[in-house]
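Architecture at a glance
So the chains spell out like this:
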Amino acid sequence: MKAYRAILIPLPSECDVQYMRRLMALANLTYRGYLVMAPDMLRSIQHQLLGWRRFKQSLVFSTTPKKWLAKTWIPLKVHRISRTENVPNGKRVGDRTAPVVLDFTRNVIRVRQICRNQPRYSVELPMPKWVLKRVAEGGDVKFALAGVRRGRPYLVLVAEREVQPIQPSDYVLVVDVNSWKHGIAWALVKGDKIIKWTVERPDLDYVEKTYGKLVKLERKYGVFKRLGLHETPEGRKLWRGVKRRKQKLYAYLRDFAQKLASRLAKKAVKHGVRVVIDDMLDESRRKLLEEKISSDLAKIYLSGVRRFVKLFTNQLRWYGVPYEFRRLYSTVCPKCGTKMKELLDRVMKCENCNFSAHRDFVPVMWYFAKL
Ligand SMILES: [Zn+2]
């Protein structure tokens, strides 16, 4: 089984975004099966254009753009120069004319001819630690992608690894994914014992305070707009403030999701576990709206949660950790299957069999349920 992981790296601002956009459009045409000729482009790039056709059926680039001239990332081959003691200039693997060169002898990445339509134009980037880690784990960066996102040029490196599934120990990691408000609960289980149980949440104080400030600023901007003053320097300043705060908040949650995913994946590898995940996010959304939380704040509480599941399972695949999705209820009794009542402080109680537990803990009990 092959597993993939990818990293997004910003390219220097000297890259010609218009030229890269054109390459993306040409890549799009190539995906559609057209033979693309671009006589005003460099020979080496024309050669790559023809080569892209072969990527069409490849696993990595299996997504077909939905719309005409939709944004398609530019598929790139990667030439690798690895450090070895016997070969002074490094061992070379892959097409020598590839636009991306990973040079492990100097720990740099060279990107050739993708940034500008100029002969021999290349940019050099420091090798990210991420690449060194993936290579140390037995991965190989055979493919890359380049493209423009929100007006900025980026390079994506794709690491590939042949995975041998690990033989799981008798440990199980049970993960119940909710909105950030109620957090991501996980339990490490061995046989019929719970070794550790905890709920992971971002700093909710920070999230709520920032959101409060955001709402105030947005209201103020609304007043400016109604008065027709939103184009004045002060109105624009307000708008920029709103945008900046929003971006900061989303970035914070994205970062939290990313760090938590890799921390839990590491835990899974360390204990050689099997992973059971419940990711019913529709239910989490409903729960938030039932608590009379505004749909805007609900959106913030759920932002990055799906990304967490994606990153987490992707890393489990990479390390060969087996996982499955299973429904773990929080309001149904794990002993008898009756709908439970919520008492004060999120304690759930079953009126049929008297089972009671904290709402965040019920899903873990569902892992043991024999219903
Ligand atoms: Zn019950």
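What comes next is a walk through the structure. Since the structure is predicted, the reported quantities are computational estimates derived from the model, not experimental observations.

Here we take up the overall build of the protein. Looking only at helices and strands, one finds 9 helices and 16 strands in the protein. By principal-axis analysis of the C-alpha atoms, the protein measures approximately 75 × 65 × 40 Å. A buried classification covers 46% of the 371 residues belonging to the protein. In the protein, the proportion of contacts linking residues at least 24 apart, taken out of those at least 6 apart, comes to 61%. A distance of 5 Å separates the average location of the 76 positive side-chain charges in the protein from that of its 34 negative side-chain charges.

Pairing in this open sheet of 3 strands is antiparallel, and the strands run 14-15-16 from one edge to the other. Strand pairing shows two members of the sheet lacking a second neighbour, strand 14 (341-342) and strand 16 (356-358), which therefore form its edges. Where strand 15 (residues 347-349) meets strand 16, 3 bridges bridge the pair, whose relative direction is antiparallel. Each bridged residue has a counterpart across the sheet, and for Lys349 the counterpart in strand 16 is Ser356.

This paragraph deals with the sheet that holds strand 13 (residues 323-325). Strand order in the open sheet formed by 5 strands is 11-10-9-12-13, and the pairing between neighbours is mixed. Two strands in the sheet have a free side with no partner beyond their single neighbour: strand 11 (193-200) and strand 13. Adjacent strand axes in the sheet meet at a mean angle of 15 degrees when their direction is disregarded. The pairing of strand 9 (residues 171-177) with strand 12 (residues 274-278) spans 5 bridges and is classified as parallel. Looking at strand 12, one finds that Val172 is bridged to Arg274. Relative to the sheet, helix 5 (residues 233-271) contacts strand 9, strand 10 (184-190), strand 11 and strand 12, its axis offset from that of strand 10 by approximately 5 degrees.

Here we come to the coordination of the zinc ion. Within the protein, the zinc ion binds to Cys333 (SG), Cys336 (SG), Cys350 (SG) and Cys353 (SG); these donor distances fall in the range 2.2 to 2.3 Å. With 4 donor atoms in place around the zinc ion and angles of 104 to 117 degrees between them, the coordination shape is tetrahedral. Mapped onto the polypeptide sequence, the residues donating to the zinc ion form the spacing pattern C-x2-C-x13-C-x2-C. Of the two residues, Cys333 sits in the loop between strand 13 and strand 14 while Cys350 sits in the loop between strand 15 and strand 16, which places them 17 residues apart along the sequence.

Further remarks concern the side chain of Arg80. With respect to the secondary-structure elements, Arg80 resides in strand 2 (residues 74-82). Taking relative accessible area as the criterion, Arg80 reaches 10% and is therefore assigned buried. Only 3.5 Å separates the side chain of Arg80 from the backbone oxygen of Val141, close enough to count as a polar contact. What Arg80 contacts, discounting residues up to four positions off in sequence, is Lys91, Arg92, Val93, Gly94, Leu102, Phe104, Asp140, Val141 and Lys142.

Attention now moves to helix 7 (residues 295-302). By the burial criterion, the buried members of helix 7 are Leu297, Ala298, Ile300, Tyr301 and Leu302. Tucked into the core, helix 7 has its buried residues touching helix 4 (204-226), helix 5, helix 6 (281-290) and helix 8 (305-319). Phi turns positive, to about 85 degrees, at Gly304, one or two residues after helix 7.

What follows is about the pattern of salt bridges. Applying the stated criterion to the full structure yields 21 salt bridges. Arg236 is the partner of Glu231 in a salt bridge, and the nearest nitrogen-oxygen pair spans 3.1 Å. With a shortest N-O distance of 3.2 Å, Glu324 and Arg274 are connected by a salt bridge. You can see Glu324 sitting in strand 13 and its partner Arg274 sitting in strand 12, a full 50 residues away along the chain.

Cut-offs and rules
- Residues numbered from 1 in each chain as written.
- Predicted model: local features only at pLDDT ≥ 70, side-chain atom pairs only at ≥ 80, totals over all residues.
- Heavy atoms only, no water.
- Helix = DSSP H or I, 4+ residues; strand = E, 2+ residues; numbered from the N terminus.
- Buried < 20%, exposed > 50% of the residue type's maximum accessible area, 1.4 Å probe, protein only.
- Contact = heavy atoms within 4.5 Å.
- Lys, Arg positive; Asp, Glu negative; His and termini not counted.
- Charge placed at Lys NZ, Arg CZ, Asp CG, Glu CD.
- Pairing = 2+ DSSP bridges.
- Axes fitted to C-alpha atoms, helices over the stretch in contact; angles between N-to-C directions.
- Donors = N, O, S within 2.8 Å, 3.2 Å for Na, K, Ca; no water.
- Tetrahedral: all angles 85-135°; square planar, octahedral: opposite > 155°, others 65-115°.
- Polar contact = N/O pair within 3.5 Å; in protein donor to acceptor, adjacent residues only side chain to side chain.
- Salt bridge = Lys/Arg side-chain N within 4 Å of Asp/Glu carboxyl O.

Shape descriptors only; they carry no functional weight alone.
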